[in-house]
Structure formats: C-alpha cells, structure tokens
Amino acid sequence: MKLAIEGGNPVRKSLLPYGQQWIDGADISAVITTLESNYITQGPIIAEFEQAVANYVGAKYAVAFCNGTAALHAACFAADITAGDEVITSPITFLASSNSVLYQGGIPVFADIKSDTYNIDPNEIRAKITPHTKAIIAVDFSGQPAEMDEIIRIAEDHGLVVIEDAAHSLGADYDGCKVGALANMTMFSFHPVKHITSGEGGIITTNSKDYFDKLQLFRSHGMTKDPSKLLQNDGPWYYEMQELGYNYRITDIQAALGLSQMRKLTSFVERRREIVATYQNAFEHVEGIITPFQHYKSNSSWHLYILRFVNGYLKKSRKEVFEALKAENIGVNVHYIPVYNQPYYQKLGYQIGQCTQAEKYYEEAITLPLFPKMADQDIQDVISAVLKVYQAYK
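Note that the structure is predicted; figures quoted are calculated from it, not measured. Within each chain, residues carry numbers counting from 1 in the order of the written sequence. For this predicted model, a pLDDT threshold of at least 70 governs which residues receive local features, and a threshold of 80 or more governs which side-chain atom pairs are given and counted, while totals over whole chains, interfaces and linings are taken from all residues. As a rule here, side-chain values come from all non-hydrogen atoms in the structure, and water together with hydrogens is ignored.

**Q** Give a detailed account of the overall build of the chain, specifying residues and quantitative values.
**A** Each helix and strand counted, the chain has 13 helices and 15 strands in total. Within these notes, the globule rule equals 2.2 Å times the number of residues to the 0.38 power, and the radius of gyration is based on C-alpha atoms. Computed over its C-alpha atoms, the radius of gyration of the chain comes to 22 Å, within 12% of the 21 Å expected for a compact globule of 394 residues. Counting only C-alpha atoms, the chain reaches 80 × 55 × 40 Å along its principal axes. Each residue gets one of three labels from its accessible area relative to the maximum for its type: buried under 20%, exposed over 50%, partly exposed in between, using a 1.4 Å probe on protein chains only. By the burial criterion, 56% of the 394 residues in the chain qualify as buried. Whether two residues touch is decided by their heavy atoms; if any such pair falls within 4.5 Å, the residues are in contact. Here the analysis covers contacts within the chain between residues at least 6 apart in sequence; of these, 72% occur between residues at least 24 apart. Segments assigned H or I by DSSP are reported as helices when at least four residues long, segments assigned E as strands when at least two residues long, and all are numbered from the N terminus.

**Q** Which residues make up the sheet that holds strand S1 (residues 61-65), and what are the values?
**A** Strands are treated as partners if at least two bridges between them are detected by DSSP. Ordered in space as S1-S9-S8-S5-S4-S2-S3, the seven strands form an open sheet in which the pairing is mixed. Unpaired on one side and paired on the other, S1 and strand S3 (107-110) mark the two borders of the sheet. This sheet shows a mean twist of 25° between the axes of neighbouring strands, independent of strand direction. Summarising the sheet, S1 and strand S9 (residues 202-206) pair through five bridges and their orientation is antiparallel. Lines fitted to C-alpha atoms define the axes, with helix axes restricted to the stretch in contact, and inter-axis angles between N-to-C directions lie between 0 and 180 degrees.

**Q** Hey, could you go over the pairing of strand S4 (residues 133-139) for me, with residue numbers and the actual values?
**A** Burial of S4 is extensive: six of the seven residues sit out of reach of the surface. Where strand S2 (residues 86-89) and S4 come together, four bridges link them in parallel fashion. Within S4, the residue paired with Val87 across the bridge is Ala135. Bridge count for S4 against strand S5 (residues 161-165) is five bridges, and the pairing is parallel. Within the sheet, the bridge partner assigned to Ala135 lies in S5 and is Val161. When the strands point away from the viewer and the connection leading from the first strand across the helix to the second strand turns clockwise, the crossover is called right-handed. Crossover connection from S4 via helix H6 (residues 148-158) to parallel S5: handedness right-handed.

**Q** Residues and numbers for the packing of helix H3 (residues 68-78) against helix H7 (residues 209-219), please.
**A** Contact pair H3 / H7: the axes reach a minimum separation of 9 Å and the direction vectors enclose 125°. Judged by the angle between their axes, H3 and H7 are oblique. Two packed elements cross with a definite hand, and for H3 against H7 that hand is right-handed. Facing His73, Ala74, Ala75, Phe77 and Ala78 of H3, the residues of H7 in contact are Tyr211, Lys214, Leu215 and Phe218. Convention used here: angles under 35 degrees read as roughly parallel, angles over 145 as roughly antiparallel, angles from 65 to 115 as roughly perpendicular, and any remaining angle as oblique. Left-handed describes a crossing whose near helix is turned anticlockwise from the far helix through less than a right angle; right-handed describes the clockwise counterpart.

**Q** Please provide a residue-by-residue account of the pattern of salt bridges, values included.
**A** Whenever a carboxyl oxygen of Asp or Glu lies within 4 Å of a side-chain nitrogen of Lys or Arg, that contact is scored as a salt bridge. Tallied over the entire structure, the rule returns 22 salt bridges. Among the salt bridges present, the one from Arg12 reaches Asp378, with a minimum N-O distance of 2.8 Å. Residue Arg12 is located in the segment before helix H1 (25-35), and its partner Asp378 is located in helix H13 (residues 376-393); the two are separated by 366 residues in the primary sequence. Residue Arg12 is classed as buried on the basis of its relative accessible area of 12%. Bridged by salt links that share partners, the residues Lys209, Asp213, Asp226 and Lys229 form one connected network.

**Q** An account of the nonpolar core is requested, with residue identities and associated values reported.
**A** For our purposes a nonpolar core is just a set of buried Ala, Val, Leu, Ile, Met, Phe, Trp, Tyr and Cys residues, chained together by side-chain atoms within 4.5 Å. Tyr279, Tyr305, Leu368 and Val386 are the most contacted members of the largest nonpolar core, which totals 32 residues. Mapped by element, the contributors of at least two residues to this core are helix H9 (265-283), strand S14 (305-309), helix H10 (318-327), strand S15 (365-368) and H13. Apart from residues lying up to four places away in sequence, Tyr305 is in contact with Val276, Tyr279, Gln280, Phe283, Thr291, Pro292, Ile366, Thr367, Leu368 and Leu370. Ranked by size, the runner-up nonpolar core spans 29 residues in total, among them Cys66, Ala71, Leu72 and Ile204.

**Q** Got a sec to walk through a nonpolar patch on the surface? Specific residues and values, please.
**A** Residues Met223, Tyr239, Met241 and Leu244 make up a contiguous nonpolar surface patch of roughly 450 Å² in combined accessible area. With respect to the helices and strands, the residue Tyr239 is situated in the loop between strand S10 (223-224) and strand S11 (240-241). Patch criteria: residues need more than 30% relative accessible area and no salt bridge. Like-charged residues are merged within 9 Å; nonpolar side chains of Val, Leu, Ile, Met, Phe, Trp and Tyr are merged within 5 Å. The accessible surface values rely on the Shrake-Rupley method and a 1.4 Å probe; as for residues, cover is taken only from the protein chains in view.

**Q** Tell me about the side chain of Asn119, and name the residues and values.
**A** Tracing the chain through its elements places Asn119 in the loop between S3 and helix H5 (122-128). Every residue in contact with Asn119, bar those within four places of it in the chain, is listed here: Ile113, Lys114, Val139, Asp140, Phe141, Gln144, Pro145 and Ala146.

**Q** Break down the environment of Glu6 for me, citing the residues and quoting the values.
**A** Here Glu6 lies in the segment before H1. Judged by relative accessible area, Glu6 falls into the partly exposed class, the value being 46%. Counting along the chain gives 53 residues from Glu6 to Ala59, while the straight-line C-alpha distance between them is 53 Å.

**Q** How would you sum up the environment of Ala327? Please name residues and give values.
**A** With respect to the helices and strands, the residue Ala327 is situated in helix H10. Considered as a pair, Ala327 and Gly8 are 319 residues apart in the sequence and their alpha carbons are 9.6 Å apart. For Ala327, the residues in contact, after removing those within four places along its chain, are Ala4, Ile5 and Pro10.

**Q** Describe the packing of H9 against H13, naming the residues involved and giving the relevant values.
**A** Look at H9 against H13: their axes get within 11 Å of each other, and the N-to-C directions meet at 30°. Of the possible angle classes, the one that applies to H9 and H13 is roughly parallel. Of the two elements, H9 crosses H13, and the hand of that crossing is right-handed. Side by side, H9 and H13 meet where Arg271, Ile275, Thr278, Tyr279, Ala282 and Phe283 of the first sit next to Asp376, Ile379, Gln380, Val382, Ile383, Val386 and Leu387 of the second. Of the residues belonging to the contact of H9 with H13, the class tally is nine nonpolar, two polar and two charged. Side-chain classes follow a simple rule in which Ala, Val, Leu, Ile, Met, Phe, Trp, Tyr, Cys and Pro form the nonpolar group, Asp, Glu, Lys and Arg form the charged group, and the remainder, Gly included, forms the polar group.

Written as structure tokens, this is what we have:
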C-alpha cells in the first residue's frame, strides 16, 4: 500500500491528535453554575476541588494552582530551595520540572534514566548527590510512577526533600498505593491532554501541615489574613505579606470543571489502560519496535504511549517515520527532548552527552495518540498506520 507521504491515500481523512480533553454536558453545567454564582474566583469550589483530589490520592492536604508549573514552583519554595541548592531530576521531562528549580535560584542536576522504564535511575541519583543537594524531583514519565520506595530511602539517608512530578500519573499506583501521598509533595497537572482537565491548572498534595501552609501563602502573594499567623493585627481588614509570593491562584471556574472531571477519572484511566492493552497486543512482537515496559510495582495510568523505533532497523530515520505517520493523519509527537539540550540550558553550561540513556531514548521515541475519547476505529487507525509505515520502511 502506497504511503500518503508518497502520494497514496492516508489511513484517516482527518488528523487524530495525540491527546485531547473529554468535556461533556455535566462539565459544562458545572462551569455554568459557577459562573452564575457569587464567586468565580477565590470562592468555595476551590476547596471542594482540593478536597476531592486529596481524598482520591489519600493525602491530608491539597493546594490548587493556576497551572502545574506554578505548583512545582511553589513546591520548590516550600522545600526551601534557595540560591546554590542542587536538586536532582530527570532530563526526560517537560521543562517545568527543572525550570521550577531555577526560579528559586537553585541548580538542576540531571540524573540519567533507566533504559527500560525511562524513569530516573535511583543509582544515578545516588551518584549525583553532593553536600549541596537539597531535594529530588522524581518524574513519573508517561504515567508510570518512578521507583518511589528506593528514591525515598535515598532521600531519608541524606536528609533530602522528595517532590514527585506526577503530571503524567494521576490515577496510577505504586506498590499498591495511589500516587499522591508517597512523596513529601506531589504535583498533578490538569492541562487538557492530561487525565482530567481544568483548562489549565495544577495541584500539590502533601501530608505535611507545614508544607500546606507554605504552599497556600506562596500562591497568593505571600499574603495572609489568618489571625493566628499575623505579627500584629490592626483590625478585621488587616493582612500581612510575610513572604515574596506570586499570584498563582486558580479560579472557581477552573475548579468547577476539575471537580466535575474528577468524578470521571476512574473511567478515564480504565479506558486508557484498555487502549494500551490493544496497542501492546499489536506491537509487542514486531521486530525493531520496543514497546513500553512496566515495573512490577507500577500500575501506570498511561498519560502517554511511546514506541521506540530501533536505530538502524528501518531504512528510514525516526524523523522520516514521524513525518510518514503525520501524513497518514496520525498526530504523533515526541516526549521529550532532553532538557539540557535546550539553548537556555546550554548557555548555563550544561553539556550534551551527560545522560547517555536519555539521549539514546530520545533518538528513537515516537508518541502515539492516547486519550479516553478515542473510538475503537481511531485505535485501529493508529495501529494500521504504524504497521503500514513499518512495512514500507522495513
């Protein structure tokens, strides 16, 4: 069958994106109700949303933010990351994981990934610890939790704070426990391609009252009106700015959408796992293609499904495979370029070649479409397109 990129008919008539939100009438009604209420920001629905997330993951506290990056920044503030502090994280992640360290004047230190899970390697973490190390930001790449038991042991041995960047893993389990109450602080993202959405939004869950208080302070200008925390009190109107915070507040409109979406999270995750099972069955025995591996303690919530096209097996490069799949109207993507490859990080002195497994992974990876709203025919279209391109380039 002639490839679309060579003039043939594409597998699909319209583009299938790699990720997409699923908004229904209940979500729309929840937002409308909030718009018609007395509060569209700084109102009661925010606390309801926070409590729903905390209850779901089994954490004592949750603090919502305008986006996941803001939430990570707040976590670094709460962890007391300051100038010169080193924070170890993965290079295979979105920029926010390490940028949040830079925002606080800290120094990101990149530890290589494991060749099978693509998550940060605990042995590499150990090797990167110095007297200046303050924290670890473990990234749950693609929805599979990092090896949190081992990472927490390392942190306890060295007196480090563990922040879990779980932007990809809402609904996942590690060693029988829901992601969200394992680390000192855990961040979830509610961007439209994630498991649930609030348009934009993020949250930190924690079991620490101290972190909870710091997070709340940071998201609203470093300001408090809590009488128990004021250094003085001129009257009921009085407030104090006690830290240099930011305006990172989420709105009631966003929280209303997020709360409605939380009611569908379980079914969304189940559908993602069904799609992945179909993909695995189609691709796991195809020579020259590496399908995702799951750690025996992990139960991924599958934000992403990534195939690796082994270098040298096909006649064409990864770039050509990617372009051929796009021509078939399959909205493939690549997650991610190693962070230290970015021009800004290069200007800071980071060098290519420091994480060999991460760089090898990046050369071969292609992300396939995966989202609950996909119809069975959409899934078959993806499989047909991948095998069509594979056979043409074999």
